[in-house]
Amino acid sequence: MTEAGADAGAQAPGADPTPLVLLHGVGQAPMAWEDVVVALYGSRRLLTPWVPGLRPTEQQVVALSDSAAALDQQLMLEGMHQVDLCGLSYGAMVATRLAADFPERVRRLVLIAGQVRPPRLAMRAQSAALRLVPASRLADAGVSKERLLQALEMSRSADLTDALARIQAPTLVLVGAKDKANQPGARALADGIPSARLRIVEGAGHALNEDAPKALVELLRDFLDT
């Protein structure tokens with residue numbers, strides 16, 4: 001694990017701040033970033049898209065590489081030729097793939113509770129628990145149970161090991177101190193990405209955007225604005 005140099009990925013003096021794209025996790029919708037967006041509103045252009053493949057109206061979840069390619073195309077259509085990219089959980093895996101496949105597109109990268117090779121037993125247990133949740137409860141939050149199950153299945157077979165070395169953006173890897181299940185994955189990301197550093201957020205769980213938004217906003221500002 002190495003720490004990015006002070007000037008790596010720095011904003012050019014007098015330039016507009018780089019847009020920030022926020023990718024939600026499985027079981028969330030884009031609105032999960034509301035507290036973060038409100039705090040950062042006006043400081044830079046913000047985009048909170050559906051992670052390609054997770055929108056309830058889509059037919060099926062797509063492979064991580066296809067999701068990253070679809071997001072890259074969406075950024076181009078939005079006029080965002082370079083962005084700061086932050087992803088949570090499944091969104092972090094898509095962000096990792098995009099930063100590896102389209103390195104010129106990402107100035108700085110923030111990965112929250114991400115994984116390199118998700119533990120299959122844990123993913124199987126999570127799928128079993130999800131099957132017990134009524135679809136109507138998830139639909140009330142704008143989330144499709146079928147998409148979630150497909151995303152978990154996709155995650156079980158994912159392996160981002162070869163992608164890590166291709167990431168050029170200075171990277172901040174975050175994981176909650178209470179999120180024990182994802183700490184090994186966070187360490188693997190920080191060790192495998194050339195310009196990455198790891199930060200364990202005290203008192204926080206898995207979804208930092210929902211249970212520790214103030215701490216997350218401070219971390220984003222410190223990392224993205226310097």
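Refer to the structure presented above.
Residues numbered from 1 in each chain as written. Predicted model: local features only at pLDDT ≥ 70, side-chain atom pairs only at ≥ 80, totals over all residues. Heavy atoms only, no water.

1. Focus: the sheet that holds strand β6 (residues 196–201)
Spatially, β2-β1-β3-β4-β5-β6 is the arrangement adopted by the 6 strands of the open sheet, whose pairing is parallel. Looking at strand neighbours, the two that pair on one side only are β2 (46–47) and β6, the edges of this open sheet. Looking at chain direction, strand β3 (residues 83–88) and strand β4 (residues 106–112) are connected through 6 bridges and run parallel. By the bridge assignment for β4, D84 is matched with R108. Seen against the sheet, helix α8 (residues 183–192) touches β4, β5 (171–176) and β6 and runs at an angle of roughly 155° to β6. (Pairing = 2+ DSSP bridges. Helix = DSSP H or I, 4+ residues; strand = E, 2+ residues; numbered from the N terminus. Contact = heavy atoms within 4.5 Å. Axes fitted to C-alpha atoms, helices over the stretch in contact; angles between N-to-C directions.)

2. Some remarks on the environment of E218
By the secondary structure assignment, E218 is in helix α10 (residues 213–224). You can call E218 exposed: its relative accessible area is 52%. Between the alpha carbons of E218 and V36 there is a distance of 9.9 Å; along the sequence they are 182 residues apart. (Buried < 20%, exposed > 50% of the residue type's maximum accessible area, 1.4 Å probe, protein only.)

3. Focus: α10
Between its terminal C-alpha atoms α10 stretches 16 Å, which fits the 16 Å expected from 12 residues at 1.5 Å a residue. Considered for burial, the residues of α10 that qualify are P213, L216, V217, L219, L220, F223 and L224. Viewed end-on, α10 has its buried residues packed into an arc of 165°, placing them on one side of the element. In α10, the exposed positions that point more than 90 degrees away from the buried face belong to K214, E218 and D222. (Expected span 1.5 Å × (residues − 1). Arc of directions from axis to C-beta.)

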